[in-house]
Every structure is written in structure tokens, then in C-alpha cells.
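Listed below are the residues making up each chain.
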Amino acid sequence: MSRLPRLPPAGDPVVFQSGDPSEIAERFAPYRISYFRSGTAALAAALIAAARRKAVAAPQVLLPGYGCPDLVSAAAYAGLSPVAVDFEPERPWLDLAAVDALLGPATVAIVAASLLGLPERLEPLQARARSSHALLIEDRAQAFPTSVDALRGDYVILSFGRGKPVSLLGGGAVLSRSMELAAQLPRPVTPARGRLSVPFTVSALVYNLLRSRWLYWLPCSLPGLHLGETRYHPLLQIEAMDPARLQRLGPAVRYHLGNGGDVQRAIASMLQRIPRVTDLAANCAPNPPRLLRYPILAPDAAIRCELVQRLSQAGLGVSTMYPSVLPLLPGVQGVVAPMELSHARAFAERLLTLPTHRGVTPRDLARMATILQGEGPLPQRAG
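Description of the structure in this document. In this text the structure is predicted, and so the values were computed from the model without any measurement.

**Notes on the overall build of the protein**
So, point 1. Summing up its helical and strand segments, the protein has 14 helices and 10 strands in all.
So, point 2. Here the C-alpha coordinates of the protein stretch approximately 60 × 45 × 35 Å along the principal axes.
So, point 3. Within the span of the protein, comprising 383 residues, buried residues form 55% of the whole.
So, point 4. Pairs at least 24 residues apart make up 75% of the contacts formed inside the protein by residues separated by at least 6 positions.
So, point 5. Looking at the protein as shown, the accessible area adds up to about 16,000 Å², and 55% of this sits on carbon and sulfur atoms.

**Some points on the packing of aromatic side chains**
So, point 1. The full count for this structure, using the stated rule, is six aromatic pairs.
So, point 2. Note on Y66 and F347: the rings are 5.7 Å apart at their centroids and 65° apart in plane angle, and the pair reads as edge-to-face. A residue pair is termed long-range when its members are at least 10 positions apart, and Y66 in the loop between strand 2 (60–64) and helix 3 (70–77) and F347 in helix 13 (residues 342–350) qualify at 281 residues.
So, point 3. Note on F347: relative accessible area 3%, which makes it buried.
So, point 4. A connected cluster of aromatic rings, assembled from ring pairs, spans Y66, F87, Y322 and F347.
So, point 5. A cation over a ring is seen here: R358 above Y255, with NZ or CZ 4.1 Å from the ring centre.

**Side note on helix 12 (residues 301–313)**
So, point 1. Spanning 13 residues, helix 12 covers 18 Å between terminal C-alpha atoms, matching the ideal 18 Å at 1.5 Å per step.
So, point 2. What helix 12 keeps buried is the set I303, R304, L307, V308, R310 and L311.
So, point 3. Packed against the buried residues of helix 12 are helix 13, strand 10 (351–355) and helix 14 (362–372).
So, point 4. Capping the start of helix 12 is the job of one residue whose side-chain oxygen sits 3.1 Å from the backbone nitrogen of A302: D300.
So, point 5. Of the residues trailing helix 12, G315 is marked for its positive phi of about 70°.

**Side note on the sheet that holds strand 8 (residues 278–279)**
Pairing between the strands of a sheet comes from backbone hydrogen bonds, and it takes one of two forms, parallel or antiparallel.
So, point 1. Overall, antiparallel pairing links the three strands, which are arranged 8-9-10 in an open sheet. Two strands close off the open sheet at either side, each with one partner strand: strand 8 and strand 10.
So, point 2. In the sheet, strand 9 (residues 293–297) pairs with strand 10 via five bridges, with the strands oriented antiparallel. Looking at strand 10, one finds that R293 is bridged to P355.
So, point 3. Contacts from helix 13 reach strand 8, strand 9 and strand 10, with the element oriented near 45° to strand 10.

**Description of the packing of helix 12 against helix 14**
So, point 1. One can describe the packing of helix 12 onto helix 14 by two numbers: an axis separation of 10 Å at closest approach and a directional angle of 150°. Between helix 12 and helix 14, the interaxial angle falls into the category roughly antiparallel. Considering only the axes of helix 12 and helix 14, their crossing is right-handed. On helix 14, the residues that touch L307, R310 and L311 of helix 12 are M368, I371 and L372.
So, point 2. Class assignment of the residues belonging to the contact of helix 12 with helix 14 gives a composition of five nonpolar, no polar and one charged.

**Describing the side chain of D279**
So, point 1. For D279, the location among the structural elements is in strand 8.
So, point 2. Buried within the structure, D279 lacks any salt-bridge partner; R91 is the closest side chain of opposite charge, at an N-O distance of 10.0 Å.
So, point 3. Within the structure, the side chain of D279 is placed 2.9 Å from the side chain of Y294, a separation counted as a polar contact.
So, point 4. Non-local contacts of D279, meaning those with residues more than four positions away in its chain, are made with A268, L271, Y294 and P295.

**As for the nonpolar core**
So, point 1. Residues L47, Y66 and L372 are the most contacted members of the largest nonpolar core, which totals 82 residues.
So, point 2. Examining the composition of this core, we find that 11 residues originate from one element, helix 2 (residues 39–53), more than from any other.
So, point 3. L372 has contacts with M270, L271, I274, R276, I296, L307, L311, L352 and L354, leaving out every residue within four places of it along the chain.

**Focus: the pattern of salt bridges**
So, point 1. Using the criterion set out here, one finds 13 salt bridges in the structure.
So, point 2. We note a salt bridge from R128 to D100, for which the minimum N-O separation is 2.7 Å. In this pair, R128 is assigned in helix 5 (residues 122–131) and D100 in helix 4 (residues 96–102), connecting sequence segments 28 residues apart.
So, point 3. Put simply, D242 and R245 hold a salt bridge, and the shortest N to O gap is 3.0 Å. Grouping residues by exposure puts D242 and R245 together as buried.

Rules and cut-offs
- Residues numbered from 1 in each chain as written.
- Predicted model: local features only at pLDDT ≥ 70, side-chain atom pairs only at ≥ 80, totals over all residues.
- Heavy atoms only, no water.
- Helix = DSSP H or I, 4+ residues; strand = E, 2+ residues; numbered from the N terminus.
- Buried < 20%, exposed > 50% of the residue type's maximum accessible area, 1.4 Å probe, protein only.
- Contact = heavy atoms within 4.5 Å.
- Areas by Shrake-Rupley, 256 points an atom, 1.4 Å probe, with all protein chains shown as cover.
- Phe/Tyr/Trp six-rings, centres within 6.5 Å; stacked < 30°, edge-to-face > 60°.
- Lys NZ or Arg CZ within 6 Å of the ring centre and 35° of its normal.
- Expected span 1.5 Å × (residues − 1).
- Polar contact = N/O pair within 3.5 Å; in protein donor to acceptor, adjacent residues only side chain to side chain.
- Pairing = 2+ DSSP bridges.
- Axes fitted to C-alpha atoms, helices over the stretch in contact; angles between N-to-C directions.
- Parallel < 35°, antiparallel > 145°, perpendicular 65-115°, else oblique.
- Left-handed = near helix turned anticlockwise from the far one by under 90°.
- Nonpolar A, V, L, I, M, F, W, Y, C, P; charged D, E, K, R; others polar.
- Lys, Arg positive; Asp, Glu negative; His and termini not counted.
- Salt bridge = Lys/Arg side-chain N within 4 Å of Asp/Glu carboxyl O.
- Core = buried A, V, L, I, M, F, W, Y, C linked by side-chain atoms within 4.5 Å.

In C-alpha cells:
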């Protein structure tokens, strides 16, 4: 592994300041908030509640055909059969015609993910869920909501894991639209003391240190961390969020929302001059929300491969996210039924992302532009 400078693909430093946990509850009122050890556990809890509300034989949940395998982990733990739904062409949105075809009496929930931070079309999905007496679950793991005004889900899932918009290296939450829905959630167990053997402050200090462009090569070289890999991890238990992270959540949210998004706006401006690639954020939202990564679609898989190689060699924090659609991910085969998912496959083959965190400099942006335009020699590494 090269020790040359390289940008991490996402994530800002972890905040150490403590605050009053009631601050978050007040921010999202009238939604009720329940805390869990991870975003995966939070989603599993919401799916269990959905199955309790609509008691049917062999319950199913509709999931995005392209996304994190933790979606499948949560569904499997909840005892639901995950059904992968194809995308709209060149959009990270559920194909509404496919939803109509797959929605049935056994469907207890539709999961609408804000993939890459881009908002889903919640109103038509909400209408379809209600027509089938199912619940709409918003997966906001990659898009922390700035207010409750845009929320439409019966349950809204938040994640505070490594590299998330609000990162505490762990933790998650469920926002419930009503007291009745909150009461349907399973009660999480208190984590065993051994599960919290590494103090939060130690792990956060190490994380903040190693995400420097001068040291990021080190965690990338440690095989046990599996940075950048897409791995399926079965969920074993629904546990509660630990007090150390809960006390730091309010300041972490304020830190995230206080970022003005200068890098994101600079990338958007840069892409207006590069017609060779598709600005996915601009195509999905006139005024995109704060993005964890800036998503781009290359013209085809071959050009995507070339761009990723050059951006990676230059140390510019490029990411390709998940390597394929859900049914084809390692460890997921057999858990999700095979589906055609042609649009989601094409999306996966062409997608790349650029970092939007505070560590990106104007010099980095200039190098990105040169590579995306396909001009000149390979730029020098970030540094």
C-alpha cells in the first residue's frame, strides 16, 4: 500500500463535545425518537414494528435494488423476505412501475433510501404504501434531515456510523411519526460491557488522526478494517445506543449542519463545465441537500474504470460505493431473490463519487477537473 497522501472518500472529524440528548428530541418533534446501537439495528426495529402492524404470512419488504447490504441484514433479522426493486433510468429512485408490480398483500413496508444523500420521491411511495396498508420507511443513513418538514416516512432511520453525515463511529435512531408507531418498536437490550471495550474517546481520537490525507494510507493498508469494501454482516441483536455517543449527538449534529457546503458547491460549478460526465445531484434535485459524497455517472463502465483509476492514483478520494446490485453482493446471494434490475445494474456500473468534506482543497478540485475532462497527463498526487 502506497504511503503517499490520499483523501478519505467521505466523513468529517468526530466531535468530542457533550450536550443534552433532549436537544435532538426537540429538533425532530413531533416525531418520537428511539436510539439503537447502529443504523442497521434501527432499521430492523422499524421492520419488526411494520410486521407487527400488518400481521401476514411470509411478510415481505420492498428494498432498493442497489444499496448497502445492511438493508438485507435488517430485513433478515426482522424475519422479512427482502424484495429488490429496480431503479428509474439514471436515477437512484425506485421504479414506480416496478413498485406497483411487486406490491402485494404480503408487503409490510417499502424502504425509501436517500442513496448518496439524494432525496427519494416520497409522496408517490407514501401513497402506494398506504394503498397496500404497508408502512413507508425512510432510510436517511446517508442524508441527515435538517428539519421534519421534508419527512414523510412512518419511520425514519438515522445512522451515526463511520463516514456518515453525522458520525459518532456508531449508533442509530428511529424517528416514529406517532406515539402508537413508537410503541410498536422492539425494546433494545443494553450492550454487554465487553462490547464497549474500546472507549469512545480513544476510537474517535484514532479516527480523527488517521483520516488526515497524510495518514489515511495507514488504515487503508490494515486488512482487518476492510475500508472501502462492501461486506454483508448478519445482525445478531438489537442493542441500545451507548451513553457516550448519545451525549455527543447534539454537538455532532450542530457541527454537521454548520458546514456551509463550500466544497459541494465548488464541485457542482466544476461539473457544469464538464459535459463528459452526468451530474447526478443536479439531475435529481434543483438544490441538492448537503451531500456526504458528490455522485457522478460516467458515460459507460469502461470510462468509469479509467476515471476511478486516475482519480485513485492521484489520491483524490474517489469511491465507487457498492460493486453491484443487492442480489449479487457477496454474502447476499440466496437471501434476496434474483431480479432483472437492469437500470440498477447500469447505475452501479457507471457510478463514482467525489469527496465533499472539509479536507478537500481548491488544488484538489483543479486536479479532479483535469481528470474528469480527460485532458493532460496524470496530475500529481493530492498534497
